[in-house]
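Survey of secondary and tertiary structure
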Amino acid sequence: MWQPKVIMQNGELIPFAEARVHPLSLAVAYATTVFEGIRAYHNKASEQLALFRLDEHLQRLAIGMKVMRFDQIYAAEYLRHCLFRLIRANQPDDDVYIRLLVYVEAVGLMATTGPVGFTAAAMPRERPKHADTGMSLGTSSWHRLSDNASPPRVKCTANYQNGRLAQLQAKGDGYDGALMLTSRGKVSEAPIACLFLVRSGRLITPGKSSDILESITRDTIVTLYREMTGQRAEERDVDRSELYFADEAFLCGTGQEILPVTSIDRLPVGNGRIGPLTSTLRQRYFEVVRGITTDHPEWRIEVPAQVPGSSELVKQLA
Ligand SMILES: Cc1ncc(COP(=O)(O)O)c(C=O)c1O
């Protein structure tokens, strides 16, 4: 597996191990950071590397910077070019996972809004552990944080303490992962992924007012399902007990991709095996993200083979 060589901070490529932020910066002290996890998929036949739905990720990041009232909102075109440089400088020969973080780098008070800085890292990422076997989820007693407390549709690092508590509890209780309910008691999402259920062939997912992140993968699945079946997925409130009536369930997210769920609260989902619609959607998802089909070219942004300014440091390090 390829290894990251360089990382980008504020537009500069530096050796991976030399990235720094001050421990008293707002980024560390108050988790004043918004971020994105983005994947670029390598197509072996065409040798192309394409970032999946990059524009949507950069749009969500820009709204995050606005909502968090950062002094600076980086332009999408600038960040896109930075990611191209970063990826080519690392010379990957396979898929790439990108972490792009924008934060208040100042040492200051809680309401300090700048200066703002960013870090972008390109790394390999193994397939999630439960992708082929299915996973067990446990409903957490930790509620999903709510829109009026710390808005879950903003992808800020502070929100992830909520999911972390739920995940640690679930692992401690012997599950592979957690599922969280809203403070209204409706099903929300997993700590880093959204949930889908299947009942009698119909696809169901908690609605956007269920304190979820407005997931790009969720939107991809809803779109692919509509194209494949001519039906709309049901985006609505899901009661906890409806989880136990589902024939199939899966999680989705950029990092998690499509993860089948085979039990919830120690009750089997359907027959306890990976379901047929889950398998079909997963196969379709990988065809689309990897560019094995020509459908949805607008979702795949090719990384140019040569990017000015991408190789100088790597040559020096070699
Ligand atoms: C809390 C949360 N929900 C859902 C998702 C899935 O979002 P996306 O499909 O945009 O990656 C993520 C992704 O990291 C997440 O952190």
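Predicted model, so just to flag it, every value in this text is computed and none were measured. (Residues numbered from 1 in each chain as written. Predicted model: local features only at pLDDT ≥ 70, side-chain atom pairs only at ≥ 80, totals over all residues. Heavy atoms only, no water.)

By the assigned domains, the protein chain splits into domain 1 (6-126) and domain 2 (135-289). Here domain 1 and domain 2 have C-alpha centroids that lie 26 Å from each other. With 19 residues of domain 1 at the interface, the matching set in domain 2 holds 20 residues. Buried surface at the junction of domain 1 and domain 2, summed over both partners, amounts to about 1,700 Å²; 62% is from carbon and sulfur atoms. Looking at the side of domain 1 facing domain 2, the largest losses of area belong to Phe-35, Phe-52 and Arg-60, adding up to 35% of the total buried there. Applying the counting rule to domain 1 against domain 2 returns two salt bridges. Residues Glu-257 and Arg-39 are paired through a salt bridge, measuring 3.5 Å at the closest nitrogen-oxygen approach. Linking domain 1 with domain 2 are ten residue pairs in polar contact (both at pLDDT 80 or more). Where the side of domain 1 that touches domain 2 is concerned, the elements lending two or more residues are β3 (33-43) and α2 (54-67). Take the side of domain 1 that touches domain 2: its biggest share by element is eight residues, from β3. Here the residues of the side of domain 1 that touches domain 2 sort into nine nonpolar, four polar and six charged. (Domains from an automatic or database assignment. Contact = heavy atoms within 4.5 Å. Buried area = accessible area lost by both parts, 1.4 Å probe. Salt bridge = Lys/Arg side-chain N within 4 Å of Asp/Glu carboxyl O. Polar contact = N/O pair within 3.5 Å; in protein donor to acceptor, adjacent residues only side chain to side chain. Helix = DSSP H or I, 4+ residues; strand = E, 2+ residues; numbered from the N terminus. Nonpolar A, V, L, I, M, F, W, Y, C, P; charged D, E, K, R; others polar.)

Let us now look at unusual backbone geometry. Residue Pro-115 is reached from Gly-114 by a cis peptide bond, and omega for that bond is 0°. When you line up the elements, Pro-115 lands in the loop between β5 (96-104) and β6 (116-123). Despite not being glycine, His-296 has its phi angle at roughly 50°, a positive value. By the secondary structure assignment, His-296 is in the loop between α6 (276-289) and β15 (300-302).

Turning our eyes to something else, we now look at the pairing of strand β4 (residues 48-52). When a strand is regular, its side chains alternate between the sheet's two faces. Of all five residues that make up β4, four are buried, and the element is covered over most of its length. Pairing between β3 and β4: four bridges, direction antiparallel. Residue pairing for β4: Tyr-41 is matched across the bridge by Ala-50. What sits between β3 and β4 in their antiparallel hairpin is a turn of four residues, with Glu-47 showing a positive phi close to 60°. Here three bridges tie β4 to β15, and the two strands are oriented antiparallel to one another. Counterpart to Ala-50 in the pairing with β15 is Glu-302. (Buried < 20%, exposed > 50% of the residue type's maximum accessible area, 1.4 Å probe, protein only. Pairing = 2+ DSSP bridges.)

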